[in-house]
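A structural walkthrough
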There are 2 protein chains.
Amino acid sequence: MKSEETRTHLNREQVLAAATALVKQHGPQALTMRKLAAELGTAVTSIYWHVGNRESLLDALVERTVADLGEIHPTGHTPEQRVVSVARSLRRQLREHPHLVAMVHERGLTERMFLPAQQVLVHEVHAAGLRGARAADAVRAVQVHVVGHVLVERNRERAPVQRPGEEELWSGRTAEQDPALARALARPVDPEALFTTSVRALVSGLLGRGNGPGT
Amino acid sequence: MKSEETRTHLNREQVLAAATALVKQHGPQALTMRKLAAELGTAVTSIYWHVGNRESLLDALVERTVADLGEIHPTGHTPEQRVVSVARSLRRQLREHPHLVAMVHERGLTERMFLPAQQVLVHEVHAAGLRGARAADAVRAVQVHVVGHVLVERNRERAPVQRPGEEELWSGRTAEQDPALARALARPVDPEALFTTSVRALVSGLLGRGNGPGT
DNA sequence: ACCTGAACACCGTTCAAGT
DNA sequence: ACCTGAACACCGTTCAAGT
C-alpha cells in the first residue's frame, strides 16, 4: 500500500519493526540503540524522537508481541481436561516466543503473559462449578504455575549443562532404599512431561472434590 | 583474628565481601567493576586478578548465598502437610534473599535454588509412599512450582502498579454471571495466600489417591 | 516536525609496565 | 605474586543546532 520511495522520514513503525528483527535474532540484550540506528541508517538520536528511550521501546515490543499471541481454544470433555489443555496451550505459546519471555522478565511485566489465557480460564473454572473468590484463586494459581514453569524452563535452557554435585545427593539413605528414584533424579529433566504431570496434579487439586466451600 | 593493619594486599575474600555488600544494597545490576574498585580503594584491574571477571564474580556470590540458605525442617503430621511446609519454607528462604533470586536469574542458574529443599523433599515424598520415577517427578514438580512462583512474585513486585485493561476483561459474560468473581479478580493479589492455595492443590494432586501406578 | 553530531557519563576487559 | 594507568570498544541519553 505504501510506496517504498516515499520513506523520506523515519517512522515509529519502522523503528519497532527493526527492533523486533534485532530481538528475534539475538535476544533483547542485543537490542542497543546504536545497533538499531545502524540498522536503520540514521543517527542514534533520531530513534529517541520516535520512541522516547530504550525502556519504552521494549515496552512497545512487549505489548505488540502479547497482542500477536493468538487465541486459546480449550479441548477435552471434562472441565479438568479443558483447563489442563488451556495451560498447555499457554505454555506452548509462550515457548514459541522465547524473546517475549526474556523481554518481559527484563522489564518486569510478567503480568502481561497472564492475559492470553485469562478469559478462557475464567470460563472453564466457572464451568467446573467454582464461584467467586475461589474461582479467581484457581484462575490465578494456574496462570502463575504456567508462567513460573516457563520462566524456570527458559532459565534452565540458557544455563550451561553443569549441575555438579547433584549426584552426590542421591547417595543418601533414601536413595539407597530406592535406586529407581536415585536414577530418575540423575537423569535430565523432560520439561514437557514434568509440566503435564504438575499441571494435572494442580488442576485436579484445584477443581477436585474435598475443596468445597469451607463449611 | 586477622589484624587490620596487615591488609597490605587485596584479597579474594575482601572482593567477595564488598561485592556482597553492593548487591545487598542496590541489587546485582548495581554491582559494577568500577564501583567495586572504588569501594575497595584499588584500581579496577586489580579485581580482575582476584576474581577473573564479572561473570565469575557473580557465580561465586550465588554459590556463597545458596550455601548460606540454611536447612529446612518439615512440620506437620501427614506427608501432605509436611511437603506443603517444606514448600512454604523454601519460598520464605528465597524471598529472604531477593538478590539471590535476581542474580540467579541474571546468570541462568535457577537450578541452584532447587538444592536447599531437595533432600528433604525426597524423604517426605518417599514417606508418602511414592517410589521411583513417580517420586522424582513429584519432587521436581514441587521445586519448579515454588521457584517459578517466587520468580513471578519478584517480577510482579518490581513492576509498576499499572495493570491497565484488566478490569475490562471482567465485564464479559462470565463476570456478569458471577460478580463476586469479577470483584475478586479486580482486587490485588495476596501472594502468600495464592501460594498456599496453589501448593496445597498441587501437593494434594501429586500425593493423593487416584495417582496410583498406571495399571 | 524531524534529523544531526558532539558531548557526557558511564560500562567491561585487555595489556604492557611496574614493584 | 600482585598492582597500576592507559587504552579499546562499547553503552544510553541529552542538548544545542540545523532544515
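Before any of the text, the structure's been laid out above.
Quick summary incoming for the structure in this document. All values reported here derive from a predicted model rather than from experimental measurement.

**Section: the overall build of chain A**
Helices and strands together make up the secondary structure of chain A, namely 12 helices and 0 strands. The linear arrangement of helices and strands in chain A, starting from the amino end, is α-α-α-α-α-α-α-α-α-α-α-α. The buried share of chain A, taken over its 215 residues, is 47%. Pairs at least 24 residues apart make up 70% of the contacts formed inside chain A by residues separated by at least 6 positions. When the accessible area of chain A is evaluated, it comes to approximately 11,100 Å², of which 52% is carbon and sulfur surface.

**So, the protein's contact with DNA strand D**
The full set close to DNA strand D counts 19 residues, and Arg34(A), Thr45(A), Leu10(B), Trp49(B) and His50(B) are the nearest of them. Expressed as a percentage, the sugar and phosphate content of the atoms of DNA strand D within 4 Å of the protein is 51%. Note that a phosphate oxygen of DNA strand D is positioned 2.5 Å from one of the backbone N or O atoms of Leu10(B). A distance of 2.8 Å is found between a phosphate oxygen of DNA strand D and a side-chain nitrogen or oxygen belonging to Ser46(B). If you list the elements that add at least two residues to the surface near DNA strand D, you get helix H2 (33–40) and helix H3 (44–51) of chain A together with helix H3 (44–51) of chain B. Here the element with the most residues in the surface near DNA strand D is H3(B); it accounts for 4 residues. In terms of residue class, the surface near DNA strand D is built from 7 nonpolar, 8 polar and 4 charged.

**Points about the environment of Val144(B)**
Considering the arrangement of structural elements, one finds Val144(B) in helix H8 (residues 132–158). On a C-alpha basis, the gap between Val144(B) and Glu111(B) in space is 9.3 Å, while along the polypeptide they are 33 residues apart. If near-sequence neighbours (up to four positions away) are discounted, Val144(B) is found in contact with His149(A), Val152(A), Arg156(A), Leu194(A), Phe114(B) and His149(B).

**Examining the packing of helix H1 (residues 12–26) of chain B against helix H4 (residues 54–67) of chain B**
All names here are of chain B. Axis separation between H1 and H4 bottoms out at 10 Å; the angle between their running directions is 80°. Comparing the axis directions of H1 and H4 gives the class roughly perpendicular. Along its contact with H1, which presents Arg-12, Glu-13, Val-15, Leu-16, Ala-19, Thr-20 and Val-23, the element H4 presents Leu-57, Ala-60, Leu-61 and Arg-64. Partitioning the contact of H1 with H4 into residue classes produces 7 nonpolar, 1 polar and 3 charged.

**Describing the relation of the copies chain A and chain B**
Taken as rigid bodies, chain A and chain B are interconverted by a rotation of 180° and an axial shift of 0.0 Å, the fit giving an RMSD of 0.1 Å. The transformation relating the two chain copies, once decomposed into turn and shift, fits a two-fold axis.

**Regarding the interface of chain A and chain B**
Residue-level contacts link 60 residues of chain A with 59 residues of chain B. Between chain A and chain B we count 2 salt bridges in total. For Glu111(A), the salt bridge identified is with Arg156(B), shortest N-O distance 2.4 Å. At the junction of chain A with chain B, the criterion picks out 18 residue pairs in polar contact (both at pLDDT 80 or more). Looking at the side of chain A that touches chain B, the elements with two or more residues in it are helix H6 (98–107), helix H7 (115–127), helix H8 (132–158), helix H9 (166–169), helix H10 (173–177), helix H11 (179–186) and helix H12 (191–207) of chain A. Among the elements that make up the side of chain A that touches chain B, the one with the highest residue count is H8(A) (17 residues).

**Notes on the protein's contact with DNA strand C**
Close contacts around DNA strand C come from 19 residues, with Leu10(A), Trp49(A), His50(A), Arg34(B) and Thr45(B) the closest. Looking at DNA strand C alone, sugar and phosphate atoms form 50% of those within 4 Å of the protein. Here Met33(B) contributes a backbone N or O atom positioned 3.0 Å from a phosphate oxygen of DNA strand C. Of all the elements in the fold, those that place two or more residues in the surface near DNA strand C are H3 of chain A together with helix H2 (33–40) and H3 of chain B.

**Quick notes on helix H6 (residues 98–107) of chain B**
When H6(B) is considered as a whole, its buried residues turn out to be Leu100(B), Val101(B), Met103(B), Val104(B), His105(B) and Arg107(B). Tucked into the core, H6(B) has its buried residues touching H6 and H8 of chain A together with H1, H4, helix H5 (79–96) and H8 of chain B. Remark: Gly108(B) follows H6(B) within two positions and exhibits a positive phi of approximately 70°.

**Notes on the pattern of salt bridges**
Evaluated as defined, the whole model comprises 24 salt bridges over all chains. Across the pair Glu192(B) and Arg91(B) runs a salt bridge, and its minimum N-O distance is 3.1 Å. Of this pair, Glu192(B) sits in helix H12 (residues 191–207) while Arg91(B) sits in helix H5, and the two are 101 residues apart along the sequence. On the basis of relative accessibility, which here comes to 5%, the residue Arg91(B) falls in the buried class. Each of the salt bridges in this network shares a partner with another, and the network as a whole consists of Arg88(A), Arg91(A), Arg95(A), Glu153(A), Glu157(A) and Glu192(A).

Cut-offs and rules
Residues numbered from 1 in each chain as written. Chains lettered and ligands numbered in written order. Predicted model: local features only at pLDDT ≥ 70, side-chain atom pairs only at ≥ 80, totals over all residues. Heavy atoms only, no water. Helix = DSSP H or I, 4+ residues; strand = E, 2+ residues; numbered from the N terminus. Buried < 20%, exposed > 50% of the residue type's maximum accessible area, 1.4 Å probe, protein only. Contact = heavy atoms within 4.5 Å. Areas by Shrake-Rupley, 256 points an atom, 1.4 Å probe, with all protein chains shown as cover. Near = heavy atom within 4 Å. Polar contact = N/O pair within 3.5 Å; in protein donor to acceptor, adjacent residues only side chain to side chain. Nonpolar A, V, L, I, M, F, W, Y, C, P; charged D, E, K, R; others polar. Axes fitted to C-alpha atoms, helices over the stretch in contact; angles between N-to-C directions. Parallel < 35°, antiparallel > 145°, perpendicular 65-115°, else oblique. Least-squares fit on C-alpha atoms with pLDDT ≥ 70 in both. Salt bridge = Lys/Arg side-chain N within 4 Å of Asp/Glu carboxyl O.

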